[in-house]
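# Chains, contacts and geometry: an overview
In case you want the letters, here they are:
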Amino acid sequence: MTPEEKYIIDACRRNDPKAQKRLYDKYAPMAFGVCLRYVPSFDEAQDVLQEVFIKVFDGLGGLRNYEAIKAWICRIASRAAVNYLLALPHVEFVDISSPIFQDGLADMSIPEVPFDTDIFESDSVLHALACLPEKYRVVFNMLEVDDMSYSDVADTLGINESTARCYLSRAKKMLQEKLQETL
Amino acid sequence: MNNNLKNYTQQPSPEVWNKIQHTLRRRTLRRQICTAAIGFTLVAAAVAGVMLWPKAEQQPVQLTAKQSTMPKAVVVPEIAEIPALPTETPMRKNVDSQSETVPVALHAESSPVTAVAPTLEKIAQPEPIAVVAQATQPVAVPAALPPVASTMITASLAEVADNAPATPSKPAPAKATSSNVSEDTILWIPNIFMPASDDADLVVFRPRLNKKDETVSKYKMTIFNRSGQMVFVSNDISYGWDGTYRGVEQPQAAYVYVINYMDAKGLRHQRKGTVTLVR
């Protein structure tokens, strides 16, 4: 981290508008990428992004480790996006023990296939992600892309870990099918 | 693994920064106003405290004197009126007919008296004068009357207290008939439309009349987008929105519509809701 970046962060803490603009310019594309992974609609993702940066400027005073600012903003973005999706009326996480889950897909025998999206174009992966139902998209993003732990995911979404595992395997399966269609 | 996705970046539109800047600026302004207001009140309180300090010792005496007189001032005229209004049992009608001319606060006090009047008359038949006389001192009333009567009086007095502040806030009943939204079946409003569709019914967004012979007048439909900007307005029910604003196709999203119209009976209606534009 260069001294200039440190200076910018310090100035942001003093509510300096120019420094805030520089910080935004530097990290907005990255944060927007995170938002778009969760919320595929461009407009809605921009709403989330706005919320993210309000939170960033609010919480900047509590940031100890300047080196971690990128990861910190990423985390804020993913959390804001998840909260946005959870607030939608039609997004509902169902626990695996519920009778709704007793369809053919609920078998836990699906092996955890190593599934790497790097062989595909980012845009096509994003497009496929956008086609997934919200809950699968959220679980896939949190576990596979943002490397969160199962317990964190379970806590955030209010489900238990085995349910999260099941959601992930379904999400992967659906994503693979979508991507193979595009190939 | 998944590194492409992890490092995926996308440039947001410049409007987002404007919004953020706007919010930040407003927030700092609000904070400044808050601190200024708090400082001002503190200073004012301090000044007032210093100014009123010598008088503060005399203040409580005056206050208790006022408190003891306050209930008298409210109760006395009402109960004293009771003999004057004995036969007017349908007082409510009178109250309603007068309500256009006389201030509301008066009726708030006088209308519960109807409830008091019969009970008081029944109870106080042996010694009506004594009750009225004693009623001027609210503390003495329960002692002079049997226990049931005293509770009834206190209950009706409590009604007075309850009704008095509530009545002025009620709106005038004359307007209540002009808007009736619940039983509205004249218009059917779709919740989705698709400008690119082959189906002619889906191409534009407009409400449909449920029956052919229905008519609406003073029709006005306004449509807003997610940021509250008005994107469409129409005064003709057959002219609907095709999903464009100033020639630009609007993005797929939910839009808010507000439809005002008047039906054949002359009742005004308003319908609000969201419609989803599908590309």
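Here is what the cut-offs are and how they apply
Residues numbered from 1 in each chain as written. Chains lettered and ligands numbered in written order. Predicted model: local features only at pLDDT ≥ 70, side-chain atom pairs only at ≥ 80, totals over all residues. Heavy atoms only, no water. Helix = DSSP H or I, 4+ residues; strand = E, 2+ residues; numbered from the N terminus. Contact = heavy atoms within 4.5 Å. Areas by Shrake-Rupley, 256 points an atom, 1.4 Å probe, with all protein chains shown as cover. Buried < 20%, exposed > 50% of the residue type's maximum accessible area, 1.4 Å probe, protein only. Core = buried A, V, L, I, M, F, W, Y, C linked by side-chain atoms within 4.5 Å.

## Some words on the overall build of chain A
- Each helix and strand in chain A was counted, giving eight helices and zero strands.
- Going from N to C terminus, chain A has its helices and strands arranged as α-α-α-α-α-α-α-α.
- Considering only contacts in chain A between residues 6 or more positions apart, those separated by 24 or more positions represent 68%.
- Of the roughly 9000 Å² of accessible surface on chain A, 52% is carried by carbon and sulfur atoms.

## Looking at the environment of B:Thr9
- With respect to the secondary-structure elements, B:Thr9 resides in the loop between helix H1 (3–6) and helix H2 (15–52).
- B:Thr9 gets classed as partly exposed once you look at its relative accessible area, which sits at 44%.
- Excluding residues within four positions of it along the chain, B:Thr9 makes contact with A:Pro29, A:Met30 and A:Gly33.

## Focus on the environment of B:Gly273
- Along the chain, the position of B:Gly273 falls in strand S9 (residues 268–277).
- A C-alpha to C-alpha distance of 9.8 Å links B:Gly273 and B:Ile223, two positions 50 residues apart in sequence.

## Some thoughts on the nonpolar core
- A:Leu23 and A:Phe53 are the most contacted members of the largest nonpolar core, which has 70 residues in total.
- If one sorts the elements of this core by residue count, helix H2 (residues 17–38) of chain A sits on top with twelve residues.
- Residues in contact with A:Leu23, not counting those within four places in the same chain, are A:Ile8, A:Ile9, A:Cys12, A:Phe53, A:Val56, A:Phe57, A:Leu60 and A:Ile69.
- B:Val231, B:Phe232, B:Ile259 and B:Tyr261 belong to the second-largest nonpolar core, a separate cluster that totals 20 residues.

Fair warning: the whole summary comes from geometry, so function is off the table for now.
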